[in-house]
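# Tertiary structure, described
Next come the chains, spelled out residue by residue.
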Amino acid sequence: MTSAEVETATEPEVRTARPALAILALAVGGFTIGTTEFMTMGVLPEIADGVDVSVPTAGHIISAYALGVVVGVPILAFFGARLPRRAMLVGLMGAYGAFNLISAVAPDFRVLTAARFLDGLPHGAFFGVASLVAASLVTPARRGRAVASVMLGLSVANVVGVPLATWLGQQAGWRATYLLAAVLALVTAAGVLAAVPSVPGDSGTSGRKEAREFFGSLQVWLTMAAGAIGFGGMFAVYSYIAKTVTVVGDLERGTVPLFVLALGLGMVVGTPLAGELAAWSVYRSLLLSSGFGALVLIAYFLAAPGGWWLLPVAFLVTATGSVLVVNLQLRLMDVAGDAVTLGAAMNHAALNVANALGAWLGGLVIAAGYGYRAPAVLGAGLSVLGLLILLWSAAAHRKAQTAPVS
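All of the points below concern the structure found in this document.

Cut-offs and rules
- Residues numbered from 1 in each chain as written.
- Predicted model: local features only at pLDDT ≥ 70, side-chain atom pairs only at ≥ 80, totals over all residues.
- Heavy atoms only, no water.
- Helix = DSSP H or I, 4+ residues; strand = E, 2+ residues; numbered from the N terminus.
- Expected span 1.5 Å × (residues − 1).
- Buried < 20%, exposed > 50% of the residue type's maximum accessible area, 1.4 Å probe, protein only.
- Phe/Tyr/Trp six-rings, centres within 6.5 Å; stacked < 30°, edge-to-face > 60°.

### Structural notes on helix α10 (residues 218–230)
Compared with the 18 Å implied by 1.5 Å per residue over 13 residues, the 18 Å span of α10 between its first and last C-alpha is a close match. Residues of α10 that are buried include every one of Gln219, Val220, Leu222, Thr223, Met224, Ala226, Gly227, Ala228 and Gly230, and no others.

### Quick look at helix α15 (residues 310–335)
Taking 1.5 Å per residue as the helical rise, α15 with its 26 residues ought to reach 38 Å, and the 37 Å between its terminal C-alpha atoms agrees with that figure. Of all 26 residues in α15, 22 are buried, a share of seventy percent or more. Immediately downstream of α15, the backbone of Gly337 shows phi near 65°, a positive value.

### A look at unusual backbone geometry
Across residues other than glycine, the phi torsion is negative in most instances, and most of the peptide bonds are trans. Residue Asp52 is not a glycine yet carries a positive backbone phi of 60°. Residue placement: Asp52 occurs in the loop between α2 (44–50) and α3 (55–58). Classification of Asp52 as exposed rests on a relative accessible area of 71%. Phi at Asp250 is positive, roughly 60°, even though this residue is not glycine. When you line up the elements, Asp250 lands in the loop between α12 (241–248) and α13 (256–280).

### Notes on the packing of aromatic side chains
A full pass over the atoms with the stated rule returns six aromatic pairs. With centroids separated by 5.8 Å and ring planes inclined at 5°, the aromatic side chains of Phe38 and Phe235 adopt a geometry described as stacked. In this pair, Phe38 is assigned in helix α1 (residues 19–42) and Phe235 in helix α11 (residues 232–238), connecting sequence segments 197 residues apart. Looking at Phe38, the relative accessible area reads 3%, which means it is buried.

Given below as structure tokens:
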């Protein structure tokens, strides 16, 4: 271990004859959530027209979903620490499907905003519990790859699910995208029930005990802050990709799914790369992805008026962001100590603070008249702030002279 590495906290190993199939079922859940979360960005102009608001105002439903994730994670993790893992996963995905149905039939912007908030509630808890289950199905040496495999479902969603949903929303209306999400949620629940083994909750803990240990750690707060701020840059540009392509890049509306596809391909490449980099050093991988991410967002600002030149840069934005996401997940699981349920889930709360922050701040600079590429400069600044917080984390660790941190 280096001086920046910590002990790894994992769940007891669970034996199953089909660990790959079980992890695949969990990855399908990642695909469902990834499709649902990111498809809104691709059809945001259609949603704005459908509920009679401006595009920056419609962007608030992205923030509402993200805030739902932030609220849902601690509540569900608090009450679910001792619940059987498989049953919790099925219940979370059932609720996810129901709230997508409500979104599909929402009569106005207010109801849609409320429905998106509710749909965000199960998001982080599902990913957190799924990460714990995946890690328990393999040997400790393969833990990073197992967690990355679950997250890979989210990445594949951005290559297949999100472009398909964007196209569907353009052809059949934005409501059809949320109906698709509800169907995917049903498929996920069935897959988890069929393939994931029965995994008990942690009978030796409680939500109150986990909360005390988790939220009492400075390293936990710094790790979450690095994600909540540093990852906001990606969402600042992703949230407004449709208008950046058509207004700034002067390309046809039909090209938007191709740019969404490029963003998705970046995630597919970045996620397994993150798993490999985690074996080298989780902490150094975080520093690398934060610093390089800021440079890529500046390149995004410069390339946007060039139309098709933006395509490879969009790929790099999410490839870099995916390295950050997976390694933040692993680091938070490590620094959480025995609070494994909260540690696995709260990363997604932090990342969705980034989602809300990036979409909101991006909308502000657009509404202020700086244009649709201005959020990229804002995002670069957020990445730099995230990098500084990670450096603070390392300095705090050295000062405290605790066990090595990864």
